[in-house]
Amino acid sequence: MKEKMITPDAIISEMEKLRESGQETEQETTGRNTGTDFPIDVLPYKMQRIVREARVTIGFPEDYLAPSMLVAVAPAIGNTMMVEHIPGWKENAILFLALVGRPGACKSHPLSYAMQPLIDHDSEMAAQFEKEMRQYLDTLNVPAKKRAEQGLDPNPREPERKRFIISDITPEAVHRIHSQNKRGLCLVSDEFSGWFKNFNRYNNGSESEFWMSVFSHKFAMSDRKSCASGIFIRRPFICVCGTIQPEILWELASNSRSSNGFLERILFVIPINQDMGKWNKERRLPTFPMTEEWRAVLQKLMSHDTEVDANGDFVPHMLCFTQEAIDLLFDWQNATTDRCNAGQSDTVRAIASKLEIYAVRFCLILQAAHWACGEGELTVSADTVSKAIRLTEYFRATATKVRKIITEQAMPDIQCAVLADLPEHFTTAEGVAIAGRNGMSERSFKQWLKDKGNGILFIRESHGKYSKI
């Protein structure tokens, strides 16, 4: 039977309807409503099953666990796979992701659960490293002339600690650790603010620029005095993930990070319902070994090796797109670009420019995840592109929501008062009158409307008619 035709407009329209409905679905036995429009069904069936079982048995919100699993897949892929949707334009699986939620919304536990297989791997590698380091030091204690006589390496090399997870470190430490782990790393910061608040803690450099360069997969060098020799990393791969409360989002945008492109590089997960979940005495045990299955998915990705060149750099396996897949991806990008060029604000355009990069990365991550779950090959299909687009449109909505939160947190009292008094739908004349009653001049109101009327606080429905977001 012929499959139903997939179009970019149909995907975007579907996501907009879900967002507008704001429908909340009651979850069995957990005492929690997810109230989310995170597209859980973009995940492979095996991962969906784990997410839903963890919600029922442990009480993890699906909308935090599902994206946490996606970001765990990314470093497991690392530099072993890439996609090339345009000749010469290669994309990797790097993600910067923040789970946004009120205190008690259960953000940290799902993130830790998703990362546990990587953490367990690092624990095993740490134990192996300690053993190898002891052997190395013991060898050094033997005079060089006697090492061969005792069957020891005459020129022992200091062992390197293999790992995936890093936390709370300087760019210099990142360079050193990454030079020993060229496959890739993931910075996990339970409190996301701890990451960006520590920028320039130890030096006067510009760490936000460093991380923006990492996001773009540009080569990295370190020639600081603290390094015994210069470090050169041809293909840096570092994901970043953590949790943050809505009240401190404005700090993320401080120090020019709202205008230099840093903020647009971060994906935000914001569930509609962030109520604390109740403990349920009737909660049942898992019906299948979900933790073991999740470990097996990541293990298959971590075990996927590719050729390594003479410099020790991975030669990534390039995933190809089917023709139908590439057509769908290009049609979506062209459609969203037309919308941006039709007069949307610079902020919305900046968000769009990074999301089109993420859309390609989602194609890679989702296809690799389907392969690891035994549900697909390492060729990007149209179905995967369709899912990647839906995922991208979800993050477009949350990026706009974050910008709105940050804008409102930074607004003067007079703007807050006007915004509160404005109805959901209003004309320019009605807005001017309301602004006047709150002490804002007509000129100031119109300029504010112009600055924030293209997708941040307001939507321009037609000439002289607006809606609040």
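In case you missed it, the structure is sitting above this.
Residues numbered from 1 in each chain as written. Predicted model: local features only at pLDDT ≥ 70, side-chain atom pairs only at ≥ 80, totals over all residues. Heavy atoms only, no water.

## Quick look at the overall build of the protein
As a reminder, the rule being used: Think of it this way: any DSSP run of H or I at least four residues long counts as a helix, any run of E at least two long counts as a strand, and we number them from the N terminus. For every residue, the accessible area (1.4 Å probe, protein chains only) is compared with the maximum for its type, and the residue is labelled buried under 20%, exposed over 50%, or partly exposed between those bounds. Contacts: residue pairs with any heavy atoms within 4.5 Å of one another. The Shrake-Rupley method, run with a 1.4 Å probe sphere, supplies the accessible areas, and residue values consider only the shown protein chains as cover.
Assigned secondary structure in the protein consists of 16 helices and 14 strands. The buried share among the 469 residues of the protein stands at 52%. Within the protein, residue pairs in contact and separated by at least 24 positions form 74% of the contacts whose partners lie at least 6 positions apart. Of the roughly 22,600 Å² that the protein leaves accessible, carbon and sulfur atoms contribute 50%.

## Notes on the sheet that holds strand S14 (residues 465-468)
As a reminder, the rule being used: Strand pairing follows a simple DSSP-based rule, namely that at least 2 bridges must link the two strands. Orientation is described by axes fitted as lines to C-alpha atoms, over the contacting stretch for helices, and by angles from 0 to 180 degrees between their N-to-C directions.
Strands sit in the order S12-S14-S13 across an open sheet of three strands; the sheet is antiparallel. The open sheet has two edge strands with one neighbour each: strand S12 (425-427) and strand S13 (458-462). Each adjacent strand pair in this sheet contributes to an overall mean axis angle of 30°, direction not counted. Where S13 lies against S14, four bridges are found, and the strand directions are antiparallel.

## Some remarks on the pattern of salt bridges
To be explicit about the condition: Should a side-chain nitrogen of Lys or Arg be within 4 Å of a carboxyl oxygen of Asp or Glu, the pair is scored as a salt bridge.
Summed over the entire model, instances satisfying the criterion amount to 17 salt bridges. Note that Glu53 is salt-bridged to Arg284, the shortest N-O span being 2.8 Å. Taken together, the residues span a long stretch of sequence, with Glu53 in helix H2 (residues 45-57) and Arg284 in the loop between strand S9 (267-269) and helix H10 (290-302) at a distance of 231 residues. Of the residues examined, Glu53 reaches a relative accessible area of 7% and is grouped as buried. Ionic pairing is found between Lys404 and Glu408, a salt bridge with its closest N-O pair at 2.7 Å. A residue pair is termed a helical-turn pair when its members lie 3 or 4 positions apart in one helix, as Lys404 and Glu408 do in helix H13 (residues 382-410) at four residues. For Lys404, a relative accessible area of 18% corresponds to the buried category.

## A word on a nonpolar patch on the surface
The cut-off we apply is this: Nonpolar side chains (Val, Leu, Ile, Met, Phe, Trp, Tyr) within 5 Å and like charges within 9 Å form the patches, drawn only from residues with over 30% relative accessible area and no salt bridge.
On the surface, a cluster of nonpolar side chains totalling about 240 Å² of accessible area is made up of Ile86, Trp89 and Phe330. Following the sequence through the fold, Ile86 ends up in strand S1 (residues 81-86). Residue Ile86 is classed as partly exposed on the basis of its relative accessible area, which comes to 31%.

## Re the environment of Phe288
Mapped onto the elements of the fold, Phe288 is located in the loop between S9 and H10. Discounting chain neighbours no more than four positions away, the residues touching Phe288 are Arg49, Ile50, Glu53 and Glu293.

## Some remarks on the packing of aromatic side chains
Put simply, the rule is: Ring pairs are drawn from Phe, Tyr and Trp, using the six-membered ring of Trp, whenever the two centres fall within 6.5 Å, and their geometry is named by plane angle: stacked under 30 degrees, edge-to-face over 60, tilted for the rest. Charge-over-ring contacts are defined here by two conditions on Lys NZ or Arg CZ: a distance within 6 Å of the ring centre and an angle within 35 degrees of the ring normal.
Within the structure shown, the criterion is met by 19 aromatic pairs. A centroid spacing of 5.8 Å and a plane angle of 15° characterise the contact between Tyr358 and Phe362, whose relative ring orientation is stacked. Separated by four residues within a single helix, Tyr358 and Phe362 lie in helix H12 (residues 346-372), roughly one turn from each other. Phe362 matches Tyr358 in its accessibility class, with the two residues each being buried. Between the NZ or CZ atom of Arg361 and the centre of the ring of Phe215, over which it lies, the distance is 4.3 Å. If you follow Arg361 out to its NZ or CZ, it ends over the ring of Tyr358, 5.9 Å from the centre.

## Points about the sheet that holds strand S3 (residues 96-100)
Across the sheet, which stays open at both edges, the five strands sit in the order S4-S5-S8-S3-S9 with parallel pairing between neighbours. With one partner strand each, in any of the chains shown, strand S4 (165-166) and S9 form the two edges of the open sheet. Pairing analysis gives five bridges linking S3 to strand S8 (residues 238-244), with the strands arranged parallel. Each bridged residue has a counterpart across the sheet, and for Ala98 the counterpart in S8 is Gly242.

## Focus on the pairing of S1
Strand residues, when the strand is regular, have side chains that alternate between the two faces of the sheet. Where S1 meets strand S10 (residues 317-321), three bridges bridge the pair, whose relative direction is parallel. Bridge pairing in S10 places Met82 opposite Met318. Sheet topology places S1 next to strand S2 (residues 89-91); three bridges connect them, and they run antiparallel. Following the sheet pairing, Ile86 is matched in S2 by Trp89. Counted along the chain from S1 to the antiparallel partner S2, the turn is two residues long, and its residue Gly88 has a positive phi close to 90°.

Fair warning: the whole summary comes from geometry, so function is off the table for now.
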